[in-house]
Amino acid sequence: QNMLEELLIHKPDDPIEFMINHLKQNNDDAPRICVLGPPASGKTTVAMWLCKHFNAIRISQETLLFKEVLTQTEEAKAYKGRNQKIPNALWANLIQERLSNVDCIKQGWILEGFPENQEQAWMLQSSGIFPRHVVMLYAPDTVLIERSGGKRLDPLTQEVFHTTFDWPSDPLVQQRLVKPEDLSEQEVSKKLLEYHRNFPEIFHIYQKVLKSINADQPSVDVLSQVLAFVQTRPRCAAPFTPRILFCGPPGSGKSLQAALIAQKYDVVNICCGQLLKEAVADNTKLGELVKPYIDSGCPVPAQLVLGLLTERLGAPECLSRGWLLAGFPRDSQQAQQLQKANIHPN
């Protein structure tokens with residue numbers, strides 16, 4: 001999917017050569033994650049933790065301006081030195097250049113605090129930068145303003161601590177901590193207003209790969225929810241026909257859950273017991289073979305059940321809408337026979 005996206009974006013003259021180079025250079029399993037949220041929501045903490053967990057590259061405003069030597073770094077620093085806002089196009093160029101480096105391609109990247117607005121998001125997309133997962137942290141403004149007052153930064157490691165919630169145990173680290181310059185209550189309130197103005201547009205752009213996570217809870221819970229989300233594989237937009245197998249012991253609710261799922265996703269619900277009864281009632285050839293077993297209360301041989309299933313699952317509505325099968329197979333031998341009959345659930 002990633003290679004197809006790259007082909008559509010770059011439209012190379014030699015697609016075969018392009019795909020070969022892509023397979024040599026790219027690691028499609030590497031993380032591509034954006035961590036977004038209002039000031040003091042914990043973006044840096046989450047981003048740094050994800051980088052350690054995945055051995056990925058963290059990219060933020062600070063790293064782009066003060067830790068990287070990029071073509072337009074000095075130009076961006078000049079804006080910063082004059083207390084002027086750095087243009088969106090300049091940020092987008094810095095990010096694109098950094099993400100094209102080999103370490104980001106091989107190890108993956110965690111983009112912290114970008115994009116900040118709709119224009120930046122569009123610029124990143126036009127450069128072929130598509131995150132697989134977007135983590136959107138949120139918390140009440142009152143909590144964020146209160147948090148910002150206790151925020152402390154380790155200049156050596158860029159790790160963020162808090163005087164109340166996350167104070168380091170190492171005395172040497174404690175001595176190094178400094179209070180960020182732009183954290184007055186008025187400044188935080190101003191940033192919050194700007195964030196709330198831009199948030200709906202960003203949410204709309206990334207809604208298919210975005211998850212909102214409450215940052216007003218213990219950091220362990222926040223990090224576990226973030227990890228659970230970023231480890232899920234994004235669903236492909238290609239047409240998909242579900243073929244679902246529902247298993248479980250007697251009384252576990254298979255029939256009810258199967259009926260609910262079939263109704264919700266408009267797939268054909270096939271109950272093995274019902275299928276056998278219908279075959280007997282319709283006096284079909286297979287029904288006549290099944291009838292003695294049902295009348296005597298004996299289990300119907302798997303071969304007869306498979307014959308009915310193969311016929312039913314080959315019906316046009318099952319092929320077009322997909323199917324859900326409950327109550328079969330009941331053991332490994334029946335499962336093997338199902339595979340031999342080319343009935344493969346997905």
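Here the structure is shown first, and the text comes after it.
Quantities reported herein were computed from a predicted structural model and do not represent experimental measurements. (Residues numbered from 1 in each chain as written. Predicted model: local features only at pLDDT ≥ 70, side-chain atom pairs only at ≥ 80, totals over all residues. Heavy atoms only, no water.)

A. Spatial organisation of the pattern of salt bridges. In total, this model carries 7 salt bridges according to the counting rule given. In this structure, E112 and R58 form a salt bridge, with 2.7 Å as the shortest nitrogen-oxygen distance. Pair noted here: E112 is in strand β3 (residues 109–112) and R58 is in strand β2 (residues 57–59), with a separation of 54 residues, a long-range link. Put simply, K291 and D295 hold a salt bridge, and the shortest N to O gap is 2.9 Å. One end of the pair is K291 and the other is D295, both in helix α15 (residues 285–296) and 4 residues apart, which spans about a single turn. Put simply, D266, R312, E317 and R321 are held in one network by salt bridges that share partners. (Salt bridge = Lys/Arg side-chain N within 4 Å of Asp/Glu carboxyl O. Helix = DSSP H or I, 4+ residues; strand = E, 2+ residues; numbered from the N terminus.)

B. Quick look at the side chain of R98. Locating R98 in the fold gives a position in helix α6 (residues 88–99). Residue classification places R98 among the buried positions, given a relative accessible area of 5%. Apart from residues no more than four positions distant in its own chain, R98 is found in contact with I57, I59, L64, E68, L70, D103 and C104. (Buried < 20%, exposed > 50% of the residue type's maximum accessible area, 1.4 Å probe, protein only. Contact = heavy atoms within 4.5 Å.)

C. Region of the structure containing the sheet that holds strand β10 (residues 323–326). The parallel open sheet is built from 3 strands, whose spatial order is β8-β10-β9. A strand with exactly one partner marks an edge of an open sheet, and here the two such strands are β8 (243–246) and β9 (268–271). Pairs of neighbouring strands in the sheet enclose a mean axial angle of 20°, with direction left out of account. Direction of pairing for β9 relative to β10: parallel, over a ladder of 4 bridges. Bridge pairing in β10 links V268 to W323. (Pairing = 2+ DSSP bridges. Axes fitted to C-alpha atoms, helices over the stretch in contact; angles between N-to-C directions.)

D. Spotlight on the sheet that holds strand β4 (residues 133–138). Strands sit in the order β2-β3-β1-β4-β7 across an open sheet of 5 strands; the sheet is parallel. With partners counted over all chains shown, the strands left at the sheet margins are β2 and β7 (210–214), one partner each. On average, each strand axis in the sheet is inclined to that of its neighbour by 20°, with strand direction left out of account. Bridge analysis of β2 against β3 gives 3 bridges, and the strand direction is parallel. Each residue of the ladder has a partner; that of R58, found in β3, is I110.

E. Region of interest: the packing of aromatic side chains. Applying the stated criterion to the full structure yields 3 aromatic pairs. With centroids separated by 5.8 Å and ring planes inclined at 50°, the aromatic side chains of F199 and F203 adopt a geometry described as tilted. Highlighted residues: F199 and F203, both in helix α11 (residues 185–206), separated by 4 residues, approximately one helical turn. On the basis of relative accessibility, which here comes to 25%, the residue F199 falls in the partly exposed class. Overall, F203 belongs to the partly exposed group, its relative accessible area being 31%. Through a chain of ring-to-ring contacts, three or more aromatic side chains come together here, namely Y195, F199 and F203. The ring of Y79 has R82 sitting right over it, with the charged end atom 5.1 Å from the ring centre. (Phe/Tyr/Trp six-rings, centres within 6.5 Å; stacked < 30°, edge-to-face > 60°. Lys NZ or Arg CZ within 6 Å of the ring centre and 35° of its normal.)

F. Spatial organisation of the packing of helix α9 (residues 141–149) against α11. Across the interface, α9 lies against α11 with an axial gap of 10 Å and an inter-helix angle of 140°. In terms of their interaxial angle, α9 and α11 are classed as oblique. For the pair α9 and α11, the crossing hand works out as right-handed. Counting all contacts with α9, which are made through D141, L144, I145 and S148, the residues of α11 involved are E185, V188, S189, L192 and H196. Counted by class, the contact of α9 with α11 contains 4 nonpolar, 3 polar and 2 charged residues. (Parallel < 35°, antiparallel > 145°, perpendicular 65-115°, else oblique. Left-handed = near helix turned anticlockwise from the far one by under 90°. Nonpolar A, V, L, I, M, F, W, Y, C, P; charged D, E, K, R; others polar.)

G. Structural detail: unusual backbone geometry. In this structure, the amide linkage connecting F114 to the following residue, P115, adopts the cis form with an omega of -5°. Secondary-structure assignment places P115 in the loop between β3 and α8 (118–126). Cis peptide bonds are those with omega within 30 degrees of zero, and the linkage from F328 to P329 qualifies with 5°. You can see P329 is positioned in the loop between β10 and α18 (332–340). Within the chain, A40 stands out as a residue other than glycine whose phi angle is a positive 65°. With a relative accessible area of 17%, A40 lands in the buried category. With a phi angle near 55°, N283 is a residue other than glycine that sits in the positive phi range. Examined against the element boundaries, N283 turns out to sit in the loop between α14 (272–281) and α15. Residue classification places N283 among the exposed residues on the basis of a relative accessible area of 56%.

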